[in-house]
Amino acid sequence: MENLFHRVSIRKYQDKPVRKEDITEILRAGMQAPSAGNQQPWEFYVVTDKDVIAQLAKASPYAGCAAGAPAVIVPVYRTDGLRFPEFAQIDMSIAQENMWIMTDALGLGGVWLAVAPVKDRMDAVRKILDLPDTLVPFSLFPVGWPAEEKKQQDRFEESRIHWQ
């Protein structure tokens, strides 16, 4: 549970590759997430090609930091065959958080860069990865060895708890 209180947004990465085994563990954690009706809408594109990463870094005004990452995981979700399509983005959020916590547990860093629900960002990622119409881009998740240190904020605020 320590990683819940350690995880931070890392936007600067060392010029050092991430092992395939580590990325697989990150994706295993993502796929372990609960989902509405157990629909598991997720698919994941793992991008290590520097040219494609550079393009993804331009898909959002906030994604420039992705250009320096050795890998970018692009979670996408299916639109066909879902029992509860209206919950797909919630399912993806849970998977994304699991991935981020595992990334921290492995000593790596990452940052969740929103793509959905912003249409122009989703369209840009769709075009870069040549995604079929049945897959919807959800986020960009640059991953790498941190080249910066940050301390997580204590976000606990007791005044936001309401007992009845």
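Shown above is the structure to which this text applies.
Bear in mind the structure is a predicted one, so any value in this text is a computation, not a measurement. (Residues numbered from 1 in each chain as written. Predicted model: local features only at pLDDT ≥ 70, side-chain atom pairs only at ≥ 80, totals over all residues. Heavy atoms only, no water.)

J.: Hey, could you run me through the overall build of the chain in this one?
T.: Helix and strand counts for the chain stand at four helices and six strands. Taken from the N to the C terminus, the helices and strands of the chain come in the order α-β-α-β-α-β-β-α-β-β. Compactness check: the chain gives a C-alpha radius of gyration of 16 Å against a globular reference of 15 Å for 164 residues, within 12% of the reference. Counting only C-alpha atoms and orienting by the principal axes, one finds that the chain spans roughly 45 × 40 × 30 Å. Per-residue burial for the chain yields a buried fraction of 45% across its 164 residues. (Helix = DSSP H or I, 4+ residues; strand = E, 2+ residues; numbered from the N terminus. Rg over C-alpha atoms; globule rule 2.2 N^0.38 Å. Buried < 20%, exposed > 50% of the residue type's maximum accessible area, 1.4 Å probe, protein only.)

J.: Would you take a moment to explain the nonpolar core for this structure?
T.: In globular proteins that are soluble, nonpolar side chains generally tend to be buried together. Counting 47 residues, the largest nonpolar core has Val72, Ile73, Val74, Val125 and Leu140 as its most contacted members. At the level of elements, α1 (20–31), β1 (42–47), α2 (50–56), β2 (71–78), α3 (88–105), α4 (119–129), β5 (135–137) and β6 (139–144) are the ones that each hand at least two residues to this core. Among the elements that take part in this core, β2 stands out by supplying six residues, more than any other. Setting aside its immediate chain neighbours within four residues, isoleucine 73 contacts Ile23, Ile26, Leu27, Phe44, Tyr45, Met99, Ser139, Leu140, Phe141 and Val143. (Core = buried A, V, L, I, M, F, W, Y, C linked by side-chain atoms within 4.5 Å. Contact = heavy atoms within 4.5 Å.)

J.: Which parts of the structure should I look at to understand unusual backbone geometry?
T.: Between alanine 116 and the following residue, proline 117, the backbone shows a cis peptide bond with an omega angle of 5°. By secondary structure assignment, the location of proline 117 is in the loop between β4 (113–114) and α4. Backbone geometry at asparagine 38 places phi at a positive 55°, although glycine is not the residue there. Tracing the backbone shows asparagine 38 in the loop between α1 and β1. Since its relative accessible area comes to 55%, asparagine 38 is described here as exposed. Although it is not a glycine, glutamine 40 adopts a positive phi angle of roughly 40°. For glutamine 40, the position within the fold is in the loop between α1 and β1. Glutamine 40 sits in the partly exposed class, given a relative accessible area of 33%.

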